[in-house]
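Observations on chain architecture
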Amino acid sequence: MARANRVPALDAPRGRSGVLQRAPQPSRDRFGRFTEWIARAMGTPAFLMSLTMFCVAWLAWNTLMPIELRFDSAANGFTALTLVLSLQASYAAPLILLAQNRQDDRDRVQIQQDRQRAERNLADTEYLAREVVALRMTVADLSNELLTKDVLRAELRSLLEKVEPRAEQEDERGQN
């Protein structure tokens, strides 16, 4: 099937359009964030209080209500409650481990970045130390050169004093 030649609309941005455009995809990391949310929620006092209230309500219902309304008898050791709590624990443990693995991965990346940052800081510090030493050496050389320049000026003055009388004598001879 051939595509019809479309005239591009100048008032719309170029790009995908129509049937070929894909719907936005959900984040691939959604399950990981969900596991972390579960792990954080299960470690809160609110979760512990709500689980306690759930168990108290379950036990109260199945001991205080008329026998026809009870769904989990004390004679059987509250088997359904045990199953519900076991199911909750069987899902909670792997979700908490997944969240812990994600945290370990983030910690590993953070440690690697910290190590790289420390190496850069060390290299910068060593560079700055070398620059300070070079500046000290330059200042020492300049102070030595100043002494040398003073000595050199004094020598040039003495030579100039010797040369000036000779130059004056030659000028006088040239004029005669």
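As shown above, the structure is provided for reference.
The model shown is predicted, which means the values in this text are computed figures rather than measured ones. (Residues numbered from 1 in each chain as written. Predicted model: local features only at pLDDT ≥ 70, side-chain atom pairs only at ≥ 80, totals over all residues. Heavy atoms only, no water.)

Moving on, we come to the packing of aromatic side chains. The geometry of an aromatic ring pair is captured by the separation of the ring centres together with the interplanar angle, meaning the angle of the planes. For the structure on display, the rule yields 4 aromatic pairs. For the pair Trp58 and Phe71, a centre-to-centre distance of 4.9 Å together with 85° between the ring planes defines the contact as edge-to-face. With a gap of 13 residues between them, Trp58 in helix 2 (residues 45-64) and Phe71 in the loop between helix 2 and helix 3 (79-175) connect regions that are remote in the sequence. Ring-pair connections join several aromatic residues into one group, and the members of that group are Phe31, Phe34 and Trp37. (Phe/Tyr/Trp six-rings, centres within 6.5 Å; stacked < 30°, edge-to-face > 60°. Helix = DSSP H or I, 4+ residues; strand = E, 2+ residues; numbered from the N terminus.)

Its location among the elements puts Glu36 in helix 1 (residues 30-42). Every residue in contact with Glu36, bar those within four places of it in the chain, is listed here: Ala99, Arg102, Gln103 and Arg106. (Contact = heavy atoms within 4.5 Å.)

Let's shift gears to helix 2. Between its terminal C-alpha atoms helix 2 stretches 28 Å, which fits the 28 Å expected from 20 residues at 1.5 Å a residue. Where helix 2 is concerned, the buried positions are Cys55, Trp58 and Asn62. All buried residues of helix 2 project into a common sector of 60° when viewed along the axis, lining one side. Looking at helix 2, the residues exposed on the side facing more than 90 degrees away from the buried face are Pro45, Ala46, Met49, Met53 and Leu64. (Expected span 1.5 Å × (residues − 1). Buried < 20%, exposed > 50% of the residue type's maximum accessible area, 1.4 Å probe, protein only. Arc of directions from axis to C-beta.)

A separate point is the pattern of salt bridges. Taken as a whole and assessed by the stated rule, the structure comprises 5 salt bridges. A salt bridge links Glu36 to Arg106; the nearest nitrogen and oxygen atoms lie 2.7 Å apart. One end of the pair, Glu36, is in helix 1; the other, Arg106, is in helix 3, with 70 residues separating them in the sequence. What makes Glu36 buried here is its relative accessible area of 10%. In this structure, Arg108 and Asp105 form a salt bridge, with 2.8 Å as the shortest nitrogen-oxygen distance. Pair noted here: Arg108 and Asp105 are both in helix 3, with a separation of 3 residues, about one helical turn. The partly exposed category is assigned to Asp105, whose relative accessible area is 42%. (Salt bridge = Lys/Arg side-chain N within 4 Å of Asp/Glu carboxyl O.)

What follows deals with the environment of Asn101. As for its placement among the helices and strands, Asn101 is situated in helix 3. A residue is classified by how much of its surface remains accessible, and Asn101, at 43% relative accessible area, is partly exposed. Considered as a pair, Asn101 and Gly32 are 69 residues apart in the sequence and their alpha carbons are 9.7 Å apart.

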